[in-house]
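Commentary on secondary and tertiary structure
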Protein chains: 2
Amino acid sequence: MGDTIDNSYWTLKALKSLGGTRSLISISSSELAEYMKISQQSASRFILDLLRDGYIIRQMNGRKQDISITEKGMSVLVKEYADLSVILEKPIKMKLHGNVQSGLGEGRYYISRKGYIVQFQEKLGFIPFLGTLNLKIKSGSELSLRKLRSMDGIHIDGFVTDDRTYGPVKTFLGNINGIKCAVIFPERSVYSDVLEVISVEFLRDSLSLKDGDELLVEVEGPFN
Amino acid sequence: MGDTIDNSYWTLKALKSLGGTRSLISISSSELAEYMKISQQSASRFILDLLRDGYIIRQMNGRKQDISITEKGMSVLVKEYADLSVILEKPIKMKLHGNVQSGLGEGRYYISRKGYIVQFQEKLGFIPFLGTLNLKIKSGSELSLRKLRSMDGIHIDGFVTDDRTYGPVKTFLGNINGIKCAVIFPERSVYSDVLEVISVEFLRDSLSLKDGDELLVEVEGPFN
DNA sequence: ATTACTAGACATCGAGTAG
DNA sequence: TCTACTCGATGTCTAGTAA
């Protein structure tokens, strides 16, 4: 049961290679086996492992099986890609394009908790304006967003108050149109294409933004 | 002896992570073991495997060992990175910056062989000017060059004449300042930071180039 | 055709330990 | 301390085969 990520990684990579951009991969265990140069039995076993761990979902379909890689599965591949990027690339600025989205007011509540604020000052070097700017990331920047999510960033500890628990978050420093900011993710996040940005300034005012406006966020390395 | 690339890959990745940009990694098998969450014995074994296969070279140094990853070793990591890039990224143009270098006249001889010319026409869609433009790639584009080298490209078969053997090469289509061209690599190449470019035109004239001039080559996907 | 179970063959691991 | 060998335990493979 001691499950190395190894086989799962190579199998996911093979499945994604074979499936290309299609979301549904129709493939038999023998075909996968041939591609991976392993036995049909092992291919079958690896697929079951991926299923058990929630990396793929599957629909049996008479002769073959239609496999779809889950978000969790994709993150295994993207994580590896991000790792290699950190190891092999020189420090870079990551660029993310997105459109201003009306905030839900939720972010505002969270980041104004004292437990977070103190750490923002200490680790980011600024006390943010008490509100977040939400950016719906454009599809062209989706992979960058996934890479970012899979990286470690600047860690902000969670804490507990009388009434509830606030989870740990991670942040990355950057800028929007030259204004210093930080992007912020829950440490345990499910995938979302909305990026939350905090800054000393009220960016909506400073940049005269309205919903739908396109923005470029530059996030700075080092990313590890 | 059936050696999966698996362990070699993970070990190289760990070594490169631990070594950072340093070319010499001073590390004990126990330290590596701890990082990889394996036993000291396995770490030792993996290091020996890497040595045997020429992925690293090593100097025993009293207490520890100084490990250096070879070109062949780096290419394992870069290959994986390139694979994931192809799988995960949308088709992109790869940009390579380099400086014009005086050709050695060697490229001219090779590409003018009929066995190659016929295939250039067939697979690239043009008959190149009988000479190559050599670009010394700038360090900022080095990783891109390595990625390119590790990819498959458009395959050109080798052939044999009365007097000698001409090896297979691989090419990638692209452009320089809008002029269609192709970059060309020996299929079995050792690493070099010089890129050979062929084109229908005599690029040195068309672009009024002299040695040392900086150029941008855009290489087109798909890269698999 | 498939998927996937069983079971024996085979490979890999690490504790013990030598040098 | 180190590296790395031996060797028994444990894991992982695939041939055979059921469904």
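Given the structure is predicted, the values throughout are model-derived calculations rather than measurements.

1. Side note on the domain arrangement of chain A
Note: interface size is frequently given as the accessible area lost on complex formation between the parts. In terms of domains, chain A is made up of domain 1 (3-69) and domain 2 (91-220). On a C-alpha basis, the centres of domain 1 of chain A and domain 2 of chain A stand 35 Å from each other.

2. Focus: the sheet that holds strand β1 (residues 25-27) of chain B
Residue and element names in this part refer to chain B. Reading across from one edge, β1-β3-β2 is the order of the 3 strands in this open sheet, with antiparallel pairing throughout. Edge positions in the sheet fall to β1 and β2 (56-61), since each has one partner strand and no second. Across the sheet, the mean angle from the axis of one strand to that of its neighbour is 25 degrees, orientation sign disregarded. As paired strands, β1 and strand β3 (residues 64-69) are joined by 3 bridges and run antiparallel to one another. For S26, the partnering residue across the bridge sits in β3 and is D66.

3. Comments concerning the relation of the copies chain A and chain B
Overlay of chain A on chain B (RMSD 0.1 Å): rotation 180 degrees, translation along the axis 0.1 Å. What the rotation and shift describe, once combined, is the action of a two-fold rotation axis. For chain A, the residue whose C-alpha comes nearest the rotation axis is Y81(A), separated from it by 3.1 Å. Interface overlap between copies is the fraction of interface residues in one copy that are interface residues in the other; for chain A against chain B it reaches 95%, indicating a shared surface.

4. Considering the sheet that holds strand β3 (residues 64-69) of chain A
Residue and element names in this part refer to chain A. Strands sit in the order β1-β3-β2 across an open sheet of 3 strands; the sheet is antiparallel. This sheet does not close on itself; its edge strands, each paired only once, are β1 (25-27) and β2 (56-61). Adjacent strand axes in the sheet meet at a mean angle of 25 degrees when their direction is disregarded. As paired elements, β2 and β3 share 6 bridges and run antiparallel to each other. Note on β3: the bridge partner recorded for I56 is I69. Against the sheet, helix α3 (residues 40-52) makes contact with β2 and β3, and its axis sits at roughly 125 degrees relative to β2, the strand it touches most.

5. Topic: the nonpolar core
Counting 54 residues, the largest nonpolar core has L15(A), L88(A), L15(B) and L88(B) as its most contacted members. The contacts of L15(A), once residues within four sequence positions are left out, are I25(A), I27(A), L32(A), L50(A), I56(A), I67(A) and I69(A). Formed by 24 residues, the second largest nonpolar core is a distinct cluster that contains L145(A), F172(A), V183(A) and L207(A).

6. Some points on the interface of chain A and chain B
With 22 residues of chain A in contact, the opposing surface of chain B contributes 21 residues. Viewed at the interface, chain B and chain A are joined by 4 salt bridges. For D83(B), the salt bridge identified is with K13(A), shortest N-O distance 2.8 Å. Only α1 (5-19), α4 (71-88) and α7 (142-150) of chain A provide two or more residues apiece to the side of chain A that touches chain B. With 10 residues, the single largest contributor to the side of chain A that touches chain B is α4(A). Split into classes, the residues belonging to the side of chain A that touches chain B amount to 10 nonpolar, 4 polar and 8 charged.

7. Some details on the protein's contact with DNA strand D
Near DNA strand D you find 18 residues, and of these S39(A), S42(A), R45(A), S29(B) and R58(B) are the closest. Backbone atoms, meaning sugar plus phosphate, form 63% of the atoms of DNA strand D positioned within 4 Å of the protein. Here S39(A) contributes a side-chain N or O atom positioned 2.7 Å from a phosphate oxygen of DNA strand D. In this structure, a phosphate oxygen belonging to DNA strand D sits 2.2 Å away from a side-chain N or O atom of S42(A). Mapped onto the surface near DNA strand D, the elements with two or more residues apiece are α3 of chain A together with α3 (40-52) and β2 of chain B.

Criteria and thresholds
Residues numbered from 1 in each chain as written. Chains lettered and ligands numbered in written order. Predicted model: local features only at pLDDT ≥ 70, side-chain atom pairs only at ≥ 80, totals over all residues. Heavy atoms only, no water. Domains from an automatic or database assignment. Pairing = 2+ DSSP bridges. Helix = DSSP H or I, 4+ residues; strand = E, 2+ residues; numbered from the N terminus. Axes fitted to C-alpha atoms, helices over the stretch in contact; angles between N-to-C directions. Least-squares fit on C-alpha atoms with pLDDT ≥ 70 in both. Contact = heavy atoms within 4.5 Å. Core = buried A, V, L, I, M, F, W, Y, C linked by side-chain atoms within 4.5 Å. Buried < 20%, exposed > 50% of the residue type's maximum accessible area, 1.4 Å probe, protein only. Salt bridge = Lys/Arg side-chain N within 4 Å of Asp/Glu carboxyl O. Nonpolar A, V, L, I, M, F, W, Y, C, P; charged D, E, K, R; others polar. Near = heavy atom within 4 Å. Polar contact = N/O pair within 3.5 Å; in protein donor to acceptor, adjacent residues only side chain to side chain.

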